[in-house]
Amino acid sequence: MSEKAVRNIVNLSGGKDSTALAIYLRDRVPDLEYVFCDTDKELPETYEYLNRLEAYLGQPVVRLKARGMGFDHFLAMRRGFLPSARNRWCTEQLKLRPFEAFVGTDVVCSYIGIRADEQRIGYISHRPNIKALFPFKKEGIGREDVLRILDRSGLGMPAYYRWRSRSGCYFCFFQQKIEWLGLLENHPDLFQKAKAYENMAPKGFASFTWSDGESLDQLAEPGRIAEIRAQFAAREATERERRHDVRLVDLFEDIVADESMERACLICDL
Ligand code: SF4
């Protein structure tokens with residue numbers, strides 16, 4: 001009986017690193033497959049970026065959904081208990097399991113876009129038939145190289161990078177306060193939807209907030225907006241003084257990612 005071939009899969013997040021990895025590997029690994037685990041709550045910019053990537057690759061990015069369901073289905077199953085950094089059922093149900101179901105018992109090389117200049121370890125599948133590979137780490141590819149790969153492909157960065165440092169759900173609890181303001185400014189409708197989730201806490205339980213220590217209602221008050229912006233501008237100024245030649249886009253990502261790096265989710269944020 002002939003042995004089944006190993007499948008090679010890039011699990012895309014809609015972020016710059018996994019996208020650069022897909023481009024980098026396209027002509028290096030034969031029969032590469034591309035997948036994206038769709039929570040149903042991604043940013044419009046992410047869907048648009050994936051469409052552009054598909055056109056570049058000349059191959060579909062397979063969209064996976066947990067048993068055909070999205071975030072709201074699993075939220076209802078949990079009687080309205082929203083995910084948080086301490087209870088992160090969303091990554092498990094919406095990112096990890098759909099990938100494992102797609103793969104089944106096949107032997108798979110799963111290519112992960114962690115760069116050589118990152119220290120992150122991941123929230124990745126530990127199934128024995130799924131082997132995680134880190135080509136950027138192995139080949140010493142860092143952020144500048146990733147930006148070059150994206151530039152040369154013509155894809156550039158995802159549009160949300162102007163105001164948000166990572167891919168993932170629009171209401172992701174890992175995002176920083178300045179990113180919540182970015183959501184409010186760029187997608188007021190999604191901000192309102194995120195706010196509505198906060199008011200869904202089951203009866204008898206303390207109210208839920210996506211962002212540490214305050215509701216989105218409080219965060220969107222004019223005085224609070226000014227305060228968050230001023231705090232961010234002060235950090236920017238300090239960083240700019242420290243690193244004279246830093247580009248604006250890097251500065252934003254560095255400051256925001258710096259604050260959330262340890263807590264962020266590998267599958268959602270590459
Ligand atoms: S992006 Fe955030 S909210 Fe969405 S699945 Fe990942 S950790 Fe959960």
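Refer to the structure printed above.
My aim in this report is to walk through the structure given alongside it, one point at a time. This structure is a prediction, so every number in the text was calculated from the model and none was measured.

Let us now look at the sheet that holds strand β4 (residues 108-111). Strand pairing in a sheet is mediated by backbone hydrogen bonds. Such pairs are either parallel or antiparallel. Taken in spatial order, the 5 strands of this open sheet run β3-β2-β1-β4-β5, and their pairing is parallel. Two strands lie at the open edges of the sheet, namely β3 (62-64) and β5 (130-133), each paired on one side alone. Pairwise comparison of adjacent strand axes, ignoring direction, gives a mean angle of 35° for this sheet. The pairing of strand β2 (residues 32-37) with β3 spans 3 bridges and is classified as parallel. Bridge assignment links C37 to a residue of β3, and that residue is L64. Running over the sheet, helix α1 (residues 16-26) touches β1 (7-12), β2 and β4 and is turned about 150° from β1.

Another aspect to go through is the nonpolar core. In this structure, F71, Y170, F171, W180, L183, Y197 and W210 are the most contacted members of the largest nonpolar core, which totals 35 residues. Breaking this core down by element, the ones donating at least two residues are α3 (71-77), α4 (89-103), α7 (177-186), α8 (188-198), α9 (216-219), α10 (222-242) and α11 (248-260). Residue-level mapping places this core at the junction of two domains, with at least three residues from each of domain 1 (7-162) and domain 2 (177-260). Contacts of L183, omitting those with residues within four sequence positions, involve L43, W163, Y170, P188, L190 and F191. Counting 25 residues, the second largest nonpolar core, distinct from the first, contains L32, Y49, L53 and V61.

Another point: the packing of aromatic side chains. For the structure shown, the criterion picks out 13 aromatic pairs. On the basis of an interplanar angle of 20° and a centroid distance of 5.4 Å, the ring pair of F71 and W89 is categorised as stacked. Note that F71 is positioned in helix α3 and W89 in helix α4, a separation of 18 residues in sequence. With respect to class, F71 is no different from W89; both count as buried. Both rings, one in Y170 and one in F171, keep their centres 4.9 Å apart while their planes meet at 65°; by these two values the pair is edge-to-face. What makes F171 buried here is its relative accessible area of 2%. Connected via pairs of aromatic rings, a cluster forms that spans F71, W89, Y170, F171, Y197, F208 and W210. When the ring centre of F102 is taken as reference, the NZ or CZ atom of R7 above it lies at 4.8 Å. One residue, R28, lies across the ring of Y24, its end atom 3.7 Å from the ring centre.

As a further point, take α8. Among the residues of α8, L190, F191, A194, K195, Y197 and E198 are the ones counted as buried. For α8, the angular spread of the buried residues around the axis is 155°, confining them to a single face. The secondary structure elements touched by the buried residues of α8 are α2 (44-57), α3, α7 and α9.

Here the focus is the pattern of salt bridges. Applying the stated criterion across every chain, the model contains 19 salt bridges. A salt bridge links R127 to E100, with the nearest nitrogen and oxygen atoms 3.5 Å apart. Linking R127 in the loop between β4 and β5 with E100 in helix α4, this pair joins segments that are 27 residues apart in sequence. Overall, the relative accessible area of 36% leaves R127 in the partly exposed class. Here E100 falls in the buried class, since its relative accessible area comes to 12%. A salt bridge links D217 to K195; the shortest N-O distance between them is 3.0 Å. In this pair, D217 sits in helix α9 while K195 sits in helix α8, placing the two residues 22 residues apart along the sequence. Taking the relative accessible area as the measure of exposure, D217 reaches 45% and is therefore partly exposed. One salt-bridge network, held together by shared partners, links K16, D17, R115 and D117.

Take α4 next. When the terminal C-alpha atoms of α4 are compared, their 20 Å separation across 15 residues agrees well with the 21 Å that a helix rising 1.5 Å per residue should span. Restricting attention to buried positions, one finds in α4 the residues W89, C90, T91, Q93, L94, K95, L96, P98, F99, E100 and V103. G104 sits one or two residues past α4 and shows a positive phi near 60°.

On to the pairing of β2. The buried fraction of β2 is high, at 5 of 6 residues. Alignment of β1 against β2, held across 5 bridges, turns out to be parallel. If you follow I9 over to β2, its bridge partner there is E33. Traced from β1 through α1 to β2, the parallel crossover comes out right-handed. The parallel pair β2 and β3 is bridged by α2, and the resulting crossover is right-handed.

Basis of the calculations
- Residues numbered from 1 in each chain as written.
- Predicted model: local features only at pLDDT ≥ 70, side-chain atom pairs only at ≥ 80, totals over all residues.
- Heavy atoms only, no water.
- Pairing = 2+ DSSP bridges.
- Helix = DSSP H or I, 4+ residues; strand = E, 2+ residues; numbered from the N terminus.
- Axes fitted to C-alpha atoms, helices over the stretch in contact; angles between N-to-C directions.
- Contact = heavy atoms within 4.5 Å.
- Core = buried A, V, L, I, M, F, W, Y, C linked by side-chain atoms within 4.5 Å.
- Buried < 20%, exposed > 50% of the residue type's maximum accessible area, 1.4 Å probe, protein only.
- Domains from an automatic or database assignment.
- Phe/Tyr/Trp six-rings, centres within 6.5 Å; stacked < 30°, edge-to-face > 60°.
- Lys NZ or Arg CZ within 6 Å of the ring centre and 35° of its normal.
- Arc of directions from axis to C-beta.
- Salt bridge = Lys/Arg side-chain N within 4 Å of Asp/Glu carboxyl O.
- Expected span 1.5 Å × (residues − 1).
- Right-handed = clockwise from strand over helix to strand, strands pointing away.

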